[in-house]
Amino acid sequence: MKNFLRSGNPYIWLTGGTLTACLLMISGLVVLIMINGFGIFWPRKIVQFTLQDGTVILGEVAKRESVPHQKDAYRTKVKVGNRDVYGMDFRWIDNAEIVSQTYPVHALTFERREWGNLYGFLHGLRLDGGVKPLETESMASLLGESHALYKKIRYIEKKEIGNINYRMEKIRLELKRLTLLQPSEKIQKRAAALNTKIEHLEKIYREKEDTLAGFYVKAREKEVVVLLADGREKMVPVFQIVRISMPNEMGVFAKMRFYISKFWEFIWGEPREANTEGGVFPAIFGTVMMVLIMSIAVVPLGVLTAVYLKEYAGDSFISRLVRISVSNLAGVPSIVFGVFGLGFFIYFFGGGIDKLFFSESLPAPTYGTGGILWAALTLSLLTVPVVVVATEEGLSSVPKALREASYALGATKIETLWKVVIPQATPGILTGTILAMARAAGEVAPLMITGVVKLAPSLPIDSHFPYIHLERKFMHLGFHIYDVGFQSPNVEAAIPMVYTTTLVLLFTVLTLNLTAIVVRNKLKKWYNTGAM
Amino acid sequence: MKSLKRRKIADTAARWAIRFGGAVTVLVILALFVFIFLEVYPLLQGAMVTKEDAYSVHGTVMSVGVDDHQEVAYVMYNNGTVEFISLHDGVILKRYHVAIPNGSVITSADKDRNRLILGTSDGKIFTVSITFSESFEGDRRAVIPEVSEECWIPLDNQKGGIHCVTSRGDDSTTVTAVYTTDNHAVLIASEAEKTLVGNGEKKEIQKDITGLFIKQGLNQPSLPVFHLSQKEHTGGLAKGEPEVVQPADNPLGTLTEQRSKTEITSLALDLFMENLYAGTPSGELFHINIRDRENPFLVETVKVSESAVTALGFLLGDVSLVVGDASGGVHVWMQVRDELSSSGWALKKVHTLASHGAPVMGIDASQRDKGFVTAAADGTIHLNHATSEQTLLKFATDAQASTLSFSPRANGIMIADAKGRLLQWHITNPHPETTLKTLFGRVWYEGYEKPEFVWQSTGGTDDFEPKLSLTPLIFGTIKGTIYALIIAVPIGIFAALYTSQFLHNSLKIIKPVIEIMAALPSVILGFLAGLWLAPFMERIFPAIIIMPFFITLSIVVAIFCWKILPVFGKGWYRYGIEAIFLIPFIIGAVYISIRLGGGYEALFLEGDYREWLSHILGLPYDQRNALLVGIAMGFAVIPLIFTISEDAMSNVPNSLRSASLALGATPWQTAVRVVLPTASPGIFSAVMIGFGRAVGETMIVLMATGNTPIMDWNLFNGFRALSANIAVEIPEAPHGGTLYRVLFLASLLLFVTTFVVNTVAETVRQRMKLRYSKL
């Protein structure tokens, strides 16, 4: 034993233990996110608790834990929903108080556009002042109708009225610009023409509003009467209902269908209720677009630097300076880039653009405020080193023989580079680009101050000329996590959404990284087995 | 086929283009530094005079003032005439006459926002309100001055002319204190009784408070005024104890001075209409509480100067009192909590400003911040800021100022001097509140008991004093970094050592797994730390204390199992799979510690660890604390340290290891005595880079701490780091403002720190590479 100690083998075990700790930490984290992220959309059973004092509680079991400082005492956290009735989503009950616990077959989960979930039993339909009984089956057609109506309303609100507003805003800016010019007859004529246009648009606007008002009246016509757990009746307009489910009755396939439809809504839908329900499509879209713009900016810069370092620089003072700069760019905190982006890109550069080209809308800034372009440029500075390092690796793995062959054929240096070396180093550049994208997708701090918002009114790409609006603010998955998890008014109810968003972000980042690793390994294999 | 010449030109052009491209990164780093520095630089600049103007006036001027835009000035002459002068061309826009009795002149004046209080030579007090309203004709702004006379109050029984006057008022109440030429101090209060039906009757009180100022000789019996107030206050207000005239507090009082009356040179009343201050020629300051108008009482007398008090004035918010004396000294005094004094409060000197060479004649405070202007008898004028204790501007005129005014937007100073001139200076004074001392040192802020490091950039009220000490934030950053490194450095280095030296080749796939750990977005780590780990840790805290013990124990058990199980120790899995073998043991250890945590708490932590922590160790426990940040940030830093030091260790030339092993050293001895020292520069740079990452990490500290700027090494409470502070506050900071620039300074600090650390790390690493290539 003494020998064993002296050989140092126990210490090897200890160091092995630290590696094990690392592995457990990372796998634990991934598993934690997976369980919480994937589990959320699976329909949970609705439980009906009867307590000793006679109260009846209907809801989903959210958590069960032991009561601190008490032996064998447990308590249950029940998601009771019905926020508009009870004031809060969750309720703790002591397990000791529970008299009975049943799973009523006809209990329904109503997912609503506002106020979160409602749990209860279907009682009837109220139409024209009278209540008539209603079967769960006939709800489907009612919901179908209301969804169609909802789509129509959204279309008018978002597309048509949005369009009119956009055009009116343009004309107003044009008018404002005209007032800044020297007055002349021509300008007056133009202004008059613009004014008639605005009047025309306003007329259309009023018509659309009338139609909308009609739709809204229709939307309020039908109401479902729901019997709550405590015996109260609650009217829920059909229009307010997104989805109705009967989790206690569902089979496995029905649950799977429900799960898939929820997940689909999550990926492709728009957020509802201050981002705590619905989907994250705008955030995914914003992230992807920001990352793409960033890679357009970062790849040329990174590749040029790498080519300089590898092919042109040698070991000069300048090249050492460049190397130190690159490693520093990698080490400077991301928030500092954010501050720089705010001061330089937004206030200095964007402010300048506004003064030159968008003076008519001042003092409201166009480019002089956070936007997707500035966020992308800021991040491109941050990710340059990633591209440089990977490209350098790619360049140095190109065999010398290839270059020499090219020179021997009389090609100049740039021709050799352009036609021989760089094509061969493409996987390296690709690796770098992918890694840079992964880094940018996960970065939040600099974005928080250069253009990310919790809820962007419109996507950076739409049907209005010039189609791509680089000055717009955008949503981002990482910021979404921060915002919903830490800034939302109802954090408890929002946490499931945060886990799912985290899962999406984690999946994106890990996929990008794994792709980069695969591409890099391909590159290595290519040269190891290649004839060169 | 392109011509040779064109190809050559293309080649040269490309070379230059690529060189330029290479230099861009250097430019970016430079631009980062220069740009951020340029934004920070104005913080430490003083104020500047941008324009000087002079106008002429005709007579003795009692008061001057300007409108918000510095377009129209008013001048109040001692004969009751008010003139409005356009500051564009010097034309007199309007003239108004206050109806003071014939033969009398105005002898003193005080300003209370737009109210002017005038005392006359025959003992009358007039209140005039002067307002400037704006109207727009198209784009042109016109400032319209208006005067209205509110009221005039005669003193009850004629006591001579008014020597000095001070007044404050609000919608319903006005309180005025005067000191007359025949040495009487009178308090005049007018209160409108609020009834349900509008304003009821006005209640007026005039009270002679001269007695309060009478110095009490040691052998003299107490004066009747005090007896009176003593009777009335017995058992009531503790503050009203008559022993407030404390000989101990008042060194002059110990001298048996037989003077019965004290002269008063200057009066100041605060906007709460509770505290009246009076300065004397002997350099004392009387503090009189007039909350109860009928029964004002002396709170304390303080010796504030060796020479006479010549001017008094409140700073914005009416908490700090500026005292100017005859020798030119300018000090700021303030009520500070004091256990020793009977009222619990005592007047203390908190700031000292540059002194004038001659008696201070006038003080006017800014309506924007804690800045003020002082003018002295020798014609010197100082622009000061109380919090930062700096005198931003000094200028001299050749004549004494009879009255001065600091413009409403704190961007101009106006004086009327003895030579019949009205002088105006436009100033820019963008960042008066910042000096190196206010940014990094202890500052005595309003309402604090002593100078302290405080970060509190915004407040709820207009008269808020910004507290911009970066020290608590720097402290927070260091605290978070240190705790993160304590966790990350051993784990990272040991795991790297194991991976590079002992891990079986077939398990090298573990390395990219940990590299992927480095790619985890910090927002995910922060979210899990803040919303999952924080409540979890709070619940199982005792288990965390005993966890290290159980994990070590589990490793011992694992070694034992390895020894006795015949399958292991043979074939390829003889060595190098320890890390995998340990997995179930460590999981088991974690599980067991969580199960036993409750029992441990009951047995050793008195049943409640929070109680125990605060009782035995005196440490409060916050849910989001430094330990949590240490773990989460450690998580982010471990892969960095791991990757770089693993690289350094596995690049140690094999010849060295072989030599060591050949000499009979065990693998562990080789690893510790050969590999570690050889790779130490690499490990050093790994730690440095890890440090740089932890210093600048934003999202984790933002989400996993409470973000309270406290300075306390306690592992179980939170902090506020520089980076998180920037992220939280810069979206709200107006462009170009002081806060904006201070936040830029914070990022400059982060930038410089990480720049130094990274440059050192990179240089060390390059050196090491060179050495390896030579070995």
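Residues numbered from 1 in each chain as written. Chains lettered and ligands numbered in written order. Predicted model: local features only at pLDDT ≥ 70, side-chain atom pairs only at ≥ 80, totals over all residues.

(A) Structural detail: the overall build of chain A. Counting its secondary structure elements, chain A contains 15 helices and 13 strands. In terms of overall dimensions, chain A is more spread out than a globule: its C-alpha atoms have a radius of gyration of 30 Å, far above the 24 Å expected for 532 residues. The 532 residues of chain A split such that 37% are buried. Relative to all contacts within chain A whose residues are 6 or more apart in sequence, the contacts with residues 24 or more apart total 69%. (Helix = DSSP H or I, 4+ residues; strand = E, 2+ residues; numbered from the N terminus. Rg over C-alpha atoms; globule rule 2.2 N^0.38 Å. Buried ≥ 20, exposed ≤ 12 C-beta atoms within 10 Å, placed from the backbone. Contact = placed C-beta atoms within 7 Å.)

(B) Up close: the overall build of chain B. Along the backbone of chain B there are 15 helices and 30 strands. In terms of C-alpha radius of gyration, chain B reaches 37 Å, well past the compact-globule figure of 28 Å for 775 residues. Taken over the C-alpha atoms alone, chain B extends approximately 120 × 90 × 55 Å along its principal axes. Counting the 775 residues in chain B, one finds 47% classified as buried.

(C) A look at the domain arrangement of chain A. When the domains of chain A are assigned, the result is domain 1 (47-123), domain 2 (136-250) and domain 3 (289-527). Taking only C-alpha atoms into account, the centre of domain 1 of chain A sits 47 Å from that of domain 3 of chain A. (Domains from an automatic or database assignment.)

(D) Up close: the interface of chain A and chain B. The interface of chain A with chain B comprises 77 residues on the first partner and 80 residues on the second. The dominant element in the side of chain A that touches chain B, judged by the number of residues it contributes, is helix H2 (residues 9-39) of chain A, at 20 residues.

(E) Broad picture of the packing of helix H8 (residues 317-331) of chain A against helix H1 (residues 4-40) of chain B. Running from N to C, H8 of chain A and H1 of chain B point in directions that differ by 55°, and their axes come no closer than 9 Å. For the element pair H8 of chain A / H1 of chain B, the angle class is oblique. For H8 of chain A against H1 of chain B, the interelement crossing comes out left-handed. Contact residues: H8 of chain A offers Leu321, Val322, Ser325, Val326, Asn328 and Leu329 of chain A, while H1 of chain B offers Gly22, Thr25, Val26, Val28 and Ile29 of chain B. Of the residues contributing to the contact of H8 of chain A with H1 of chain B, the split by class is seven nonpolar, four polar and no charged. (Axes fitted to C-alpha atoms, helices over the stretch in contact; angles between N-to-C directions. Parallel < 35°, antiparallel > 145°, perpendicular 65-115°, else oblique. Left-handed = near helix turned anticlockwise from the far one by under 90°. Nonpolar A, V, L, I, M, F, W, Y, C, P; charged D, E, K, R; others polar.)

(F) Just the pairing of strand E1 (residues 47-51) of chain A, in detail. Residue and element names in this part refer to chain A. Here E1 runs beside strand E2 (residues 56-66); their pairing, made up of four bridges, is antiparallel. Paired with Val47 across the two strands is Gly59, which belongs to E2. Hairpin connection, E1 to E2: the antiparallel pair is bridged by four residues, and Gly54 has positive phi, about 90°. Two elements, E1 and strand E5 (residues 98-102), share four bridges in a ladder whose sense is antiparallel. Within E5, the position partnered with Leu51 by the bridge is Ile98. (Pairing = 2+ DSSP bridges.)

(G) Structural context of unusual backbone geometry. Residue and element names in this part refer to chain B. A positive phi angle is found at Ala410, which is not glycine, with a value near 60°. Within the fold, Ala410 resides in the loop between strand E26 (401-406) and strand E27 (412-417). Taking the C-beta count within 10 Å as the criterion, Ala410 has 21 such neighbours and is therefore assigned buried. A positive phi is found at Asn707, a non-glycine position, where the angle reads about 60°.

(H) The arrangement of the nonpolar core in detail. Residue and element names in this part refer to chain B. Counting 197 residues, the largest nonpolar core has Ala529, Val629, Ala632, Ile641 and Ile700 as the members making the most contacts within it. Ranked by residue count, the leading element in this core is helix H10 (residues 626-650), at 17 residues. The residues touching Ile641, leaving out its near neighbours within four places in the chain, are Ala488, Val489, Gly492, Ile493, Ala686, Val687 and Gly690. The next biggest cluster of nonpolar side chains, apart from the first, holds 104 residues, and it includes Cys164, Val186, Val332 and Ile381. (Core = buried A, V, L, I, M, F, W, Y, C linked by C-beta atoms within 7 Å.)

(I) Molecular detail of the sheet that holds strand E3 (residues 74-79) of chain A. All names here are of chain A. Overall, antiparallel pairing links the five strands, which are arranged E4-E3-E2-E1-E5 in an open sheet. At either margin of the open sheet sits one strand with a lone partner, and together these are strand E4 (90-94) and E5. With strand direction ignored, the average angle separating the axes of adjacent strands in the sheet is 45°.

(J) Just the environment of Arg64 of chain A, in detail. Residues and elements named next belong to chain A. Locating Arg64 in the fold gives a position in strand E2. Each C-alpha atom of the pair Arg64 and Lys262 lies 25 Å from the other, and the pair is 198 residues apart in sequence. The contact partners of Arg64, leaving out residues within four places of it in the chain, are Tyr74 and Thr76.

(K) View of the pairing of strand E2 (residues 61-66) of chain B. Taken across its six residues, E2 of chain B has six buried, putting it largely inside the fold. Turn length for the E2 of chain B-strand E3 (residues 72-77) of chain B hairpin, with the two strands adjacent in sequence and antiparallel, is five residues, and the turn residue Gln70 of chain B shows positive phi of about 55°.

(L) Just the confidence of the model for chain A, in detail. In the predicted model, chain A carries a mean pLDDT of 85, and the fraction of residues at 70 or more is 97%. For chain A, per-element mean pLDDT is lowest for helix H1 (residues 2-7) of chain A, which scores 68, and highest for helix H13 (residues 445-448) of chain A, which scores 92. (pLDDT = per-residue confidence, 0-100.)

(M) The sheet that holds E3 of chain B, seen in detail. Residues and elements named next belong to chain B. Spatially, four strands are ordered E2-E3-E4-E5 in an open sheet, and the strand pairing comes out antiparallel. Since the sheet does not close on itself, it has two edges, and those belong to E2 and strand E5 (92-97), each with one partner. Averaged over all neighbouring strand pairs, the angle between strand axes comes to 15°, with direction disregarded.

(N) Fine view of the packing of H8 of chain A against helix H15 (residues 738-774) of chain B. The interhelical angle for the contact between H8 of chain A and H15 of chain B, taken along N-to-C directions, is 130°, at an axis separation of 9 Å. If you check the angle between H8 of chain A and H15 of chain B, you find them oblique. Read as a crossing pair, H8 of chain A and H15 of chain B show a hand that is right-handed. In this structure, H8 of chain A contributes Ile324, Ser327, Asn328 and Gly331 of chain A to the contact, and H15 of chain B contributes Thr754, Phe755, Asn758, Thr759 and Glu762 of chain B. When the residues that make up the contact of H8 of chain A with H15 of chain B are grouped by side-chain class, the tally is two nonpolar, six polar and one charged.

(O) Spotlight on the environment of Gly597 of chain B. The residue Gly597 of chain B is located in helix H8 (residues 578-604) in this model. Sequence-distant contacts of Gly597 of chain B, defined by excluding residues within four places in its chain, comprise Ile540, Pro542, Ala543 and Ile546 of chain B.

(P) Layout of the confidence of the model for chain B. All names here are of chain B. Averaged over chain B, the pLDDT score is 83; the fraction of residues at 70 or greater is 90%. Scored below 50 in pLDDT, residues 216-260 makes 53 contacts in the model with residues more than four places away or belonging to other chains. Per the prediction output, this complex has pTM 0.88; the corresponding ipTM is 0.89.

(Q) Representation of helix H7 (residues 281-312) of chain A within the structure. All names here are of chain A. In a regular helix each residue adds 1.5 Å, so 32 residues correspond to 46 Å; H7 covers 45 Å between its end C-alpha atoms and thus fits that length. Considering bend angle alone, the principal kink of H7 is centred on Val298 and spans about 30°; proline Pro300 follows within four residues of it. At the exit of H7 stands Gly314, carrying a positive phi of roughly 70°. (Expected span 1.5 Å × (residues − 1). Bend = angle between axes of the 7 residues up to and from the residue.)

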